[in-house]
Amino acid sequence: MKERQFVDSATVYVRAGRGGDGSASFRREAHVEFGGPDGGDGGRGGDVILVGSRHEDSLISLFYSPKLVAGNGEPGRSQQMYGRNGRNLVVKVPCGTSVIDPETDEVVFDVVEDGAEVVIAKGGRGGWGNVHFKSATNQAPTKFIPGEEGEEFTFRFELKVIAEIGLVGFPNAGKSSLLSAISEARPKIGAYPFTTLNPIIGTVVYNDFAQVRVADIPGIIEGAHEGVGLGIDFLKHISRAKVLMFVVDCAGVDGRTPWDDYRALRDEIRRYDPEMLKRPTVLVANKIDLPGAEANLARLEKTVRRKALAISAADGAGLDALRAKIRETVRPVPPGGATGRATASGRKPRSRPDSHEEVSAEKFAKATFLQL
Ligand SMILES: Nc1nc2c(ncn2[C@@H]2O[C@H](COP(=O)(O)OP(=O)(O)OP(=O)(O)O)[C@@H](O)[C@H]2O)c(=O)[nH]1
Ligand SMILES: [Mg+2]
């Protein structure tokens, strides 16, 4: 079986912890007659929490272990002692992970920013011990409240990689070379088509520590929208990009021309989602170091009637201008001025009683016994 390295969808069972039952205990010290109730409350069940992490880039771990179960709260104890709270389960997911209700296809949570926390299943409340039920008329209550069930769901997780810039180009145009020249990312580079098989994110860092994320995706070829090549599935990973950067091979190494490539790329994007072409785009003419590229550049600009940024990912020509162009187009906010926060849409739990159900200790014991 081919090893999977990149996974952008996974169906996951999620269960928060059950609250611990309240205790129905009585004081039993030798010197205290008619000791009275002293059963403490149960602990809260643990939550299932997602945290956005820019160091994660795939849903692969969820794909292979698709169960997220938080800890149960412990039951209350005698001497009015609380049960311990259940452990929260905290799971790191890549920024850009959506949590979807598979029945309605509705996005119920969205993890966008690095470090953002979203509770996707809440633990049940702990039950009350019998100490709460002592009254003038009932000095020896055997009543207590069981812990609540934790929330339980089956969700579909979907990843749309988040980057401000999306690189779009034919195979071999030099997208990965470009990304590795301007960021810390080290994608595989090769003189053959479809070297890149998964989206890769690199971060361009400026002197004032402003940052722009750039997504490199597999090459697009004509007919991609009909499934030719690797298809256009990967375009979804740049569908949230603010800026599209078209990268063309200005030297025409593979026998094509940069102007035809540019038109074909725009055409494929239009067929995928015409909205994407309404965003700012940058045209980058790569491989300007090679013979014939200068002449092609002039013809490219004339034919497509727009300016191109000439660069060489190989020898570094034009990269400073490109970094400046990226900054000018994306306008990243340097640290200190950032206010970005996660968005988490609220969701109503599917089944969770609004109030506690009261049962007597005997009834509870009986019910438990019957279940066994
Ligand atoms: N001379 C020259 N060669 C380049 C330049 N940029 C990239 N190359 C070469 O072009 C080939 C393809 O580069 P990649 O960066 O792998 O191209 P890609 O667009 O990521 O290709 P896919 O991942 O297959 O879509 C490699 O052999 C690179 O060394 C450049 O500016 N000048
Ligand atoms: Mg590549």
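So, a few notes on the structure that sits alongside this text. Source: prediction; values computed, not measured.

Looking at the packing of helix α2 (residues 175–182) against helix α5 (residues 319–330)
In step 1: In contact at an axis separation of 11 Å, α2 and α5 are set at 85° when each is read in the N-to-C sense. As summarised for this structure, α2 and α5 are arranged roughly perpendicular, according to the angle between their axes. Contact residues: α2 offers L178, A181 and I182, while α5 offers L319, L322, R323 and I326.

Concerning the nonpolar core
In step 1: Among the nonpolar cores identified, the biggest contains 32 residues, and V168, I238, F246, I269, L283 and L300 are the most heavily contacted of them.
In step 2: Elements that contribute at least two residues to this core include exactly β13 (243–249), α3 (258–272), β14 (281–286) and α4 (293–304).
In step 3: Looking at which element gives the most residues to this core, the answer is α3, with 5 residues.
In step 4: Sequence-distant contacts of L300, that is, excluding residues within four places in its chain, are made with V248, P258, W259, L283, A285, R305 and A308.

Focus: unusual backbone geometry
Trans peptide bonds make up the majority, and among non-glycine residues the majority have a negative phi.
In step 1: Positioned with a positive phi, Q79 is a non-glycine residue whose angle comes to about 60°.
In step 2: Looking at the secondary structure, you find Q79 in the loop between β3 (67–69) and β4 (89–94).
In step 3: Non-glycine residue Q80 carries a positive phi angle of around 60°.
In step 4: Within the secondary structure, Q80 is located in the loop between β3 and β4.

A few points about the site of ligand 1
In step 1: In the region of ligand 1, 24 residues are neighbours, and K175, S176, S177, F194 and T196 sit closest.
In step 2: The contact in question runs from an oxygen atom of ligand 1 to an N or O atom on the backbone of G219, over 3.3 Å.
In step 3: For ligand 1, an oxygen atom lies 2.9 Å from a polar atom in the backbone of A313.
In step 4: Here the element with the most residues in the shell around ligand 1 is α2; it accounts for 3 residues.
In step 5: Within the shell around ligand 1, the residues separate by chemical class into 11 nonpolar, 10 polar and 3 charged.

About the criteria used
- Residues numbered from 1 in each chain as written.
- Chains lettered and ligands numbered in written order.
- Predicted model: local features only at pLDDT ≥ 70, side-chain atom pairs only at ≥ 80, totals over all residues.
- Heavy atoms only, no water.
- Axes fitted to C-alpha atoms, helices over the stretch in contact; angles between N-to-C directions.
- Helix = DSSP H or I, 4+ residues; strand = E, 2+ residues; numbered from the N terminus.
- Parallel < 35°, antiparallel > 145°, perpendicular 65-115°, else oblique.
- Contact = heavy atoms within 4.5 Å.
- Core = buried A, V, L, I, M, F, W, Y, C linked by side-chain atoms within 4.5 Å.
- Buried < 20%, exposed > 50% of the residue type's maximum accessible area, 1.4 Å probe, protein only.
- Near = heavy atom within 4 Å.
- Polar contact = N/O pair within 3.5 Å; in protein donor to acceptor, adjacent residues only side chain to side chain.
- Nonpolar A, V, L, I, M, F, W, Y, C, P; charged D, E, K, R; others polar.

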